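# Survey of secondary and tertiary structure
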Amino acid sequence: MDEKEPVVPVPAGVLAALEAVCTFAHCKTINHREMLEIISSRAEEVEEGLSGTISALSLAYVIFETEKTHGEKAAKKVTSEILGRFQGEKKEALARFVADTIDDFEKMYREG
């Protein structure tokens, strides 16, 4: 880590939202791949496995925002593509995590 760079504590949920935006954003001046790598490596410095938790939460954000922006059919397509990358128990655990998180987002969305 560059000692000249300031370090600011950021909640994992905020990093997950940023990661979700980076996954689908199309910019010419921001290197999203590099940003995703920084989030992942810094998260692992804090706690082993934290980058995986942030990534799973990020996927939940992506599915939730896709459903709210483009509808249920688009969200199901994104979900199928995401789950297609996982195998066995990992797939089931991720699906449960994402479903629970989307339920939480839905409650916050309706309340806010």
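Up top is the structure.
Given the structure is predicted, the values throughout are model-derived calculations rather than measurements. (Residues numbered from 1 in each chain as written. Predicted model: local features only at pLDDT ≥ 70, side-chain atom pairs only at ≥ 80, totals over all residues. Heavy atoms only, no water.)

We now examine the pattern of salt bridges. Under the definition given, this model contains 3 salt bridges. Salt-bridge contacts for Lys-68 lead to Glu-106; the nearest nitrogen and oxygen are separated by 2.8 Å. A residue pair is termed long-range when its members are at least 10 positions apart, and Lys-68 in helix H3 (residues 50-70) and Glu-106 in helix H5 (residues 88-111) qualify at 38 residues. In this structure Glu-106 comes out as buried when scored by relative accessible area, which is 18%. (Salt bridge = Lys/Arg side-chain N within 4 Å of Asp/Glu carboxyl O. Helix = DSSP H or I, 4+ residues; strand = E, 2+ residues; numbered from the N terminus. Buried < 20%, exposed > 50% of the residue type's maximum accessible area, 1.4 Å probe, protein only.)

Attention now moves to the packing of aromatic side chains. Taken as a whole and assessed by the stated rule, the structure comprises 3 aromatic pairs. An angle of 25 degrees between the planes, with centres 4.4 Å apart, marks the rings of Tyr-61 and Phe-105 as stacked. Here Tyr-61, found in helix H3, pairs with Phe-105, found in helix H5; they are 44 residues apart in sequence, far enough to count as distant. With centroids separated by 5.4 Å and ring planes inclined at 55 degrees, the aromatic side chains of Phe-64 and Phe-105 adopt a geometry described as tilted. With Phe-64 in helix H3 and Phe-105 in helix H5, this pair connects stretches of sequence that are 41 residues apart. With respect to burial, Phe-64 and Phe-105 carry one shared label: buried. Aromatic ring contacts, followed pair by pair, group Tyr-61, Phe-64, Phe-105 and Tyr-109 into a single cluster. (Phe/Tyr/Trp six-rings, centres within 6.5 Å; stacked < 30°, edge-to-face > 60°.)

Purely geometric numbers; function is a separate question.
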